[in-house]
Amino acid sequence: MAKLIIIGGGIGGLAAALAVARQGHEVLVLERAPQFAEIGAGIQLAPNGLHALDRLGLGDAVRSTAVQMDELRFMDGVTGEHVASLDLTEAYRERFGNPYAVVHRAELHTKLLEACQATEGIELRSAATATGYEQDAAGATVVLEDGERLTADALIGADGIHSAIRGQLVGDGAPRNSGITVYRAIIPMEQVPEELRHLTSVTWWTGPGCHFVHYPIAGGKYLNLAASSDNKAVEAVAGVPATEGDIRREFASLGEDAQRLLALGEGWKSWVLVDRDPVDTWTDGRVALLGDAAHPMLHYVAQGACQGLEDAVVLGDLLDCGTDELPQRFEKFNAERRERTGRIQLLARESIKLWHTSGAAASDRNAVLAGFSRDELHDYVAWMHGHRTDDTSDTAAAHTAAHTAPNGDQR
């Protein structure tokens with residue numbers, strides 16, 4: 001049995017703690033905040049993310065509060081035209097072994113946290129900020145902001161896009177500023193006109209240099225709003241309040257229905273989107289990175305959390321070993337994950353062109369998307385949504401049948 005320290009108590013860090021502890025190892029999770037909590041609003045979970053949660057024993061718990069989606073609706077935000085939909089109903093669920101679901105980020109985090117609290121061998125410690133690490137042949141030590149040093153057999157840096165562990169391990173400086181600002185708000189569903197609720201859809205409205213997405217969360221009690229503007233922001237802010245005037249100005253090009261929904265938003269907050277270039281190596285001896293610390297990505301393919309969950313499961317599977325083998329297993333983890341995550345990082349950047357085009361380019365895009373069949377759209381996302389961290393495709397399909405009614409409703 002080994003002792004591992006995980007730096008970062010977010011979704012990826014807690015998932016990794018569960019996966020590692022199930023191999024019989026002792027785990028200490030360090031969180032820099034005063035308490036273990038998650039900020040933010042809605043989060044999308046494609047089948048690959050739900051499969052990882054199934055592997056962690058949390059799939060049923062997450063599905064119980066998540067809202068299963070029937071389609072991803074692509075709208076021309078200027079004309080109001082429904083361009084295309086990616087169907088997420090029976091054929092999709094049978095093919096990929098799970099539904100496509102949306103959930104409040106805090107709900108997902110809470111379920112992971114509760115599972116960690118109930119798991120023998122996992123210790124949780126808040127208000128512990130890591131600044132770097134040291135290591136030798138026998139172990140690794142995390143250095144905390146107050147000078148305290150904690151030593152274990154290995155360290156996992158799951159401390160996000162501003163990871164101090166990555167800063168030392170990779171040394172690639174500050175994250176890349178995309179210049180795109182996302183504004184987020186949550187509104188009670190009862191305030192939304194019935195014709196605009198779309199209770200089983202993730203809906204995107206695209207416009208020149210901007211787009212707007214919304215979907216239900218918290219079992220359909222709220223509508224999550226996220227509106228992105230390529231406003232050339234130069235400062236990477238996070239969680240800064242925004243005014244209704246900011247929203248009207250940034251998204252004035254969108255049509256009537258999108259404007260009606262945006263006008264309902266209150267308490268808007270803004271984030272400037274940042275990411276990093278893919279790297280080949282995110283391990284150093286007895287130290288490894290995971291999730292956003294290893295491969296942060298823009299949200300345009302809704303895979304950030306799913307990739308962190310996949311990381312956790314793959315790493316847990318590989319750590320069926322003693323302390324001496326940990327560095328080699330970390331290297332194998334890195335090798336197994338870097339190509340897939342790097343491809344998704346770059347696709348997320350490339351997808352900006354899909355959302356933010358205008359004029360003739362937007363018309364051409366609409367024509368191409370409208371021409372795809374259901375199966376062709378499923379083929380396009382198969383390498384992401386259909387990915388499995390094991391060889392349980394048959395059991396995954398059976399699991400879907402057990403948890404999804406023929407009409408796609410939750411059981």
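Residues numbered from 1 in each chain as written. Predicted model: local features only at pLDDT ≥ 70, side-chain atom pairs only at ≥ 80, totals over all residues. Heavy atoms only, no water.

> For the overall build of the protein, give the residues involved together with the corresponding values.
A count of helical and extended segments in the protein gives 14 helices and 20 strands. Relative to the compact-globule value of 22 Å for 411 residues, the protein shows a C-alpha radius of gyration of 21 Å, a close match. Taking all 411 residues of the protein together, the buried fraction comes to 55%. Considering only intrachain contacts with a sequence separation of at least 6, the fraction spanning at least 24 residues in the protein is 75%. Of the roughly 16800 Å² that the protein leaves accessible, carbon and sulfur atoms contribute 48%. Placing the 36 positive and 58 negative side-chain charges of the protein at their respective mean positions leaves the two points 1 Å apart. (Helix = DSSP H or I, 4+ residues; strand = E, 2+ residues; numbered from the N terminus. Rg over C-alpha atoms; globule rule 2.2 N^0.38 Å. Buried < 20%, exposed > 50% of the residue type's maximum accessible area, 1.4 Å probe, protein only. Contact = heavy atoms within 4.5 Å. Areas by Shrake-Rupley, 256 points an atom, 1.4 Å probe, with all protein chains shown as cover. Lys, Arg positive; Asp, Glu negative; His and termini not counted. Charge placed at Lys NZ, Arg CZ, Asp CG, Glu CD.)

> With reference to specific residues and values, describe the pattern of salt bridges.
Enumeration over the complete set of coordinates arrives at 25 salt bridges. Between Asp-230 and Lys-232 there is a salt bridge, and its shortest N-O distance comes to 3.4 Å. Residue class for Asp-230 comes out partly exposed when judged on its relative accessible area of 25%. With its nearest N and O atoms 3.0 Å apart, the salt bridge here joins Arg-249 to Asp-246. Pair noted here: Arg-249 and Asp-246 are both in helix 7 (residues 244–250), with a separation of 3 residues, about one helical turn. Arg-249 gets classed as exposed once you look at its relative accessible area, which sits at 53%. (Salt bridge = Lys/Arg side-chain N within 4 Å of Asp/Glu carboxyl O.)

> Can you lay out the packing of helix 10 (residues 326–350) against helix 13 (residues 374–385) for me, pointing to particular residues and giving the numbers?
Between two packed helices, the angle of one axis relative to the other and the distance separating the axes together describe the packing. One can describe the packing of helix 10 onto helix 13 by two numbers: an axis separation of 11 Å at closest approach and a directional angle of 130°. Taken together, the axis directions place helix 10 and helix 13 in an arrangement best described as oblique. Within the contact between the two elements, helix 10 uses Arg-340, Arg-343, Ile-344 and Leu-347 and helix 13 uses Tyr-380, Trp-383 and Met-384. (Axes fitted to C-alpha atoms, helices over the stretch in contact; angles between N-to-C directions. Parallel < 35°, antiparallel > 145°, perpendicular 65-115°, else oblique.)

> Describe helix 2 (residues 47–55), and please don't skip the residues or the numbers.
When you tally the buried positions in helix 2, you get 7 out of 9 residues, the bulk of the element. All of the buried residues in helix 2 are Pro-47, Asn-48, Gly-49, Leu-50, His-51, Ala-52 and Leu-53. One or two positions beyond helix 2, positive phi appears at Gly-57, with a value near 85°.

> Would you mind going over the packing of aromatic side chains in detail, with residue names and values included?
Under the counting rule described, the total for this entry stands at 5 aromatic pairs. Pairing Phe-74 with Trp-355 gives two aromatic rings, centres 5.4 Å apart and planes at 25°, and the pair type is stacked. Here Phe-74, found in strand 5 (residues 71–76), pairs with Trp-355, found in helix 11 (residues 352–356); they are 281 residues apart in sequence, far enough to count as distant. The two residues Phe-74 and Trp-355 agree in class, both being buried. A centroid spacing of 4.7 Å and a plane angle of 55° characterise the contact between Trp-204 and Trp-355, whose relative ring orientation is tilted. Placement of the pair is Trp-204 in strand 14 (residues 201–207) and Trp-355 in helix 11, with a sequence separation of 151 residues. Across this residue pair, the class does not change: Trp-204 and Trp-355 are buried. The aromatic ring of Trp-271 is capped on one face by Arg-184, whose charged end is 5.0 Å from the ring centroid. Against the face of Trp-383 rests Arg-343, its NZ or CZ located 3.6 Å from the ring centre. (Phe/Tyr/Trp six-rings, centres within 6.5 Å; stacked < 30°, edge-to-face > 60°. Lys NZ or Arg CZ within 6 Å of the ring centre and 35° of its normal.)

> Help me get a handle on the confidence of the model for the protein, residues and values and all.
Counting all residues, the mean pLDDT for the protein is 93, and 95% of those residues have values of 70 or more. When the criterion is pLDDT under 50, residues 391–411 qualifies, and its contacts beyond four places in sequence or with other chains add up to 34 contacts. (pLDDT = per-residue confidence, 0-100.)

> Explain the sheet that holds strand 15 (residues 210–217) to me, and be specific about the residues and the numbers.
Pairing within the open sheet is mixed, and its 8 strands lie in the order 6-5-14-15-16-13-18-17. Two strands lie at the open edges of the sheet, namely strand 6 (82–87) and strand 17 (238–241), each paired on one side alone. With direction set aside, neighbouring strand axes in the sheet form an average angle of 20°. Sheet analysis places strand 13 (residues 176–188) next to strand 16 (residues 222–229), joined by 8 bridges and oriented antiparallel. Bridging from a neighbouring strand, Thr-181 pairs with Ser-229 of strand 16. (Pairing = 2+ DSSP bridges.)

> Quick one: what's the story with the packing of helix 1 (residues 11–21) against helix 9 (residues 304–318), residue by residue and with numbers?
Here helix 1 crosses helix 9 at 20°, and the two axes come no closer than 8 Å. One element, helix 1, and the other, helix 9, form an angle in the roughly parallel class. Considering the relative orientation of helix 1 and helix 9, their crossing is right-handed. Contacts between helix 1 and helix 9 involve Ile-11, Gly-12, Ala-15, Ala-16, Ala-19 and Val-20 on the former and, on the latter, Gly-308, Leu-309, Ala-312, Val-313 and Gly-316. (Left-handed = near helix turned anticlockwise from the far one by under 90°.)

> Which residues make up the state of the cysteines, and what values go with them?
One pass over the structure, following the stated rule, counts 0 disulfides. Here Cys-306 is not cross-linked by a disulfide; its sulfur's nearest cysteine counterpart is in Cys-116, at 18 Å. Considering cysteine sulfurs only, Cys-116 is the nearest to Cys-321, which forms no disulfide, with 20 Å between them. (Disulfide = S-S within 2.5 Å.)

> Any chance you could break down the side chain of Arg-276 for me, citing the residues and the numbers?
With respect to the secondary-structure elements, Arg-276 resides in the loop between strand 18 (269–275) and strand 19 (283–284). By relative accessible area, Arg-276 is classed as buried at 6%. A polar side-chain atom of Arg-276 sits 2.7 Å from the main-chain carbonyl oxygen of Gly-173. In this structure Arg-276 touches Ile-161, His-162, Arg-166, Asp-172, Gly-173, Ala-174, Pro-175, Pro-296, Gln-345 and Arg-349, once residues within four positions along its chain are discounted. (Polar contact = N/O pair within 3.5 Å; in protein donor to acceptor, adjacent residues only side chain to side chain.)

> Tell me about helix 10, residues and numbers included.
The first and last C-alpha atoms of helix 10 sit 36 Å apart over 25 residues, in line with the 36 Å expected at 1.5 Å per residue. The sharpest bend along helix 10 reaches about 40° and sits at Arg-338. (Expected span 1.5 Å × (residues − 1). Bend = angle between axes of the 7 residues up to and from the residue.)

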